[in-house]
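Spelled out, the chains give:
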Amino acid sequence: TQLLEQSPQFLSIQEGENLTVYCNSSSVFSSLQWYRQEPGEGPVLLVTVVTGGEVKKLKRLTFQFGDARKDSSLHITAAQPGDTGLYLCAGAKGGKLIFGQGTELSVKP
Amino acid sequence: EAQVTQNPRYLITVTGKKLTVTCSQNMNHEYMSWYRQDPGLGLRQIYYSMNVEVTDKGDVPEGYKVSRKEKRNFPLILESPSPNQTSLYFCASRPSSYEQYFGPGTRLTVT
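Note that the structure is a prediction, hence the values are computed from the model and not measured.

Reading guide: rules and limits
- Residues numbered from 1 in each chain as written.
- Chains lettered and ligands numbered in written order.
- Predicted model: local features only at pLDDT ≥ 70, side-chain atom pairs only at ≥ 80, totals over all residues.
- Heavy atoms only, no water.
- Contact = heavy atoms within 4.5 Å.
- Buried area = accessible area lost by both parts, 1.4 Å probe.
- Salt bridge = Lys/Arg side-chain N within 4 Å of Asp/Glu carboxyl O.
- Polar contact = N/O pair within 3.5 Å; in protein donor to acceptor, adjacent residues only side chain to side chain.
- Helix = DSSP H or I, 4+ residues; strand = E, 2+ residues; numbered from the N terminus.
- Nonpolar A, V, L, I, M, F, W, Y, C, P; charged D, E, K, R; others polar.
- 1 Å grid on protein atoms, 1.4 Å probe; cavity = no way out; pocket = protein on both sides within 12 Å on 5 of 7 lines; lining within 4 Å.
- Points joined across faces, edges and corners; volume = space filled by probe spheres on them.
- Pairing = 2+ DSSP bridges.
- Axes fitted to C-alpha atoms, helices over the stretch in contact; angles between N-to-C directions.
- Disulfide = S-S within 2.5 Å.
- Buried < 20%, exposed > 50% of the residue type's maximum accessible area, 1.4 Å probe, protein only.

## Things to note about the interface of chain B and chain A
Part 1 of the reasoning: Taken together, the contact pairs 18 residues of chain B with 21 residues of chain A.
Part 2 of the reasoning: Carbon and sulfur atoms supply 53% of the area that chain B and chain A bury against each other, a total of about 1400 Å² over both sides.
Part 3 of the reasoning: Summed over the shared surface of chain B and chain A, the number is 1 salt bridge.
Part 4 of the reasoning: Salt-bridge contacts for Asp59 of chain B lead to Lys96 of chain A; the nearest nitrogen and oxygen are separated by 3.1 Å.
Part 5 of the reasoning: Our enumeration of links across chain B and chain A arrives at 6 residue pairs in polar contact (both at pLDDT 80 or more).
Part 6 of the reasoning: Secondary structure elements with two or more residues in the side of chain B that touches chain A: strand S4 (31-38), strand S5 (42-51) and strand S9 (87-94) of chain B.
Part 7 of the reasoning: With 3 residues, the top contributor of residues to the side of chain B that touches chain A is S5 of chain B.
Part 8 of the reasoning: A breakdown of the residues in the side of chain B that touches chain A according to their chemical character gives 7 nonpolar, 7 polar and 4 charged.

## Considering the environment of Asp71 of chain A
Residue and element names in this part refer to chain A.
Part 1 of the reasoning: With respect to the helices and strands, the residue Asp71 is situated in strand S8 (residues 71-76).
Part 2 of the reasoning: Spatially, the C-alpha atom of Asp71 lies 9.7 Å from that of Gln6, the residues being 65 residues apart in sequence.
Part 3 of the reasoning: Residue contacts for Asp71: discarding those within four places in its chain leaves Cys23, Asn24, Gln64, Phe65 and Gly66.

## Details of the layout of surface pockets
Part 1 of the reasoning: A volume near 550 Å³ is recorded for the largest pocket.
Part 2 of the reasoning: For the largest pocket, the lining is made up of 27 residues, of which Leu86 and Glu104 of chain A together with Gln37, Leu88 and Arg107 of chain B are closest to its centre.
Part 3 of the reasoning: Of all the secondary structure elements, the ones that give two or more residues to the lining of the largest pocket are strand S11 (103-108) of chain A together with S4, S9 and strand S11 (106-110) of chain B.
Part 4 of the reasoning: For the lining of the largest pocket, the class distribution of residues is 8 nonpolar, 13 polar and 6 charged.

## A short note on the sheet that holds strand S6 (residues 55-58) of chain A
Residues and elements named next belong to chain A.
Part 1 of the reasoning: Spatially, S1-S3-S8-S7-S6 is the arrangement adopted by the 5 strands of the open sheet, whose pairing is antiparallel. The open sheet has two free edges, formed respectively by strand S1 (5-7) and S6, since each of these has just one partner strand. Going from strand to strand, the sheet's axes swing by 15° on average, the running direction of each strand aside.
Part 2 of the reasoning: In this structure, strand S3 (residues 19-24) lies alongside S8, joined through 6 bridges in antiparallel fashion. Looking at S8, one finds that Asn24 is bridged to Asp71.

## Notes on the state of the cysteines
Formally, a disulfide is one covalent bond, and it connects the sulfur atom of one cysteine to the sulfur atom of another.
Part 1 of the reasoning: A complete count under the given rule lists 2 disulfides over all chains for this structure.
Part 2 of the reasoning: Between the sulfur atoms of Cys23 of chain A and its disulfide partner Cys89 of chain A the distance amounts to 2.0 Å. Taking the torsion about the S-S bond as the criterion, the Cys23 of chain A to Cys89 of chain A disulfide, at about 75°, is right-handed. Residue Cys23 of chain A is located in strand S3, and its partner Cys89 of chain A is located in strand S9 (residues 85-93); the two are separated by 66 residues in the primary sequence.
Part 3 of the reasoning: Judged by its relative accessible area of 0%, Cys89 of chain A falls in the buried class.
Part 4 of the reasoning: Residue pairing for Cys23 of chain B: its cysteine sulfur links by disulfide to Cys91 of chain B, the two sulfurs lying 1.8 Å apart. Negative torsions about the S-S bond denote left-handed disulfides, and the value of about -70° found for Cys23 of chain B with Cys91 of chain B makes this one left-handed. With Cys23 of chain B in strand S3 (residues 19-25) and Cys91 of chain B in strand S9, the pair connects residues that are 68 residues apart, well separated along the chain.

Structure (structure tokens):
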């Protein structure tokens, strides 16, 4: 049973489009992180959200933590080919970090 | 440069031949973990360590061993590898917060 469900699993869009990736759970997390992984490399932390309802922006990326701290979303505005990669959410719970299965994003020029 | 290093990056071996994947971090982090990444399953934690000589099982520990004799090193040992352990392995470390720093990965193939 996957504790953190990410959707969609695959996303292929054209440069300039907007997109949203969702990370959902029935569990409450003390914090939630988003990572980006490029082929042949390890995941790299993008952001950590801690407070329910929190919104953080990182250039064209907007991250939101749900009010109940059970879900999160990542919105990318005007996607670029450099945004291509695997996006992973991870929730902190009981001393452990639990990962979603990832969203494979491909942005075509 | 603050980093997590893993060796080897690529390894092809045969069933039953013992192997060790090394992991080292230079950030003085207390927490270290090993994950395996498989298509459609995301990252699954194998073992983790909260400090020197303190280790605990993650979600998929069967067939793996670890040790933490020094703070900076956390090797992953496969005593008798099997084909179902073919995977991409990541070592990670973190401070007391949950923000993980990952190594570059080790791609293991067991034939």
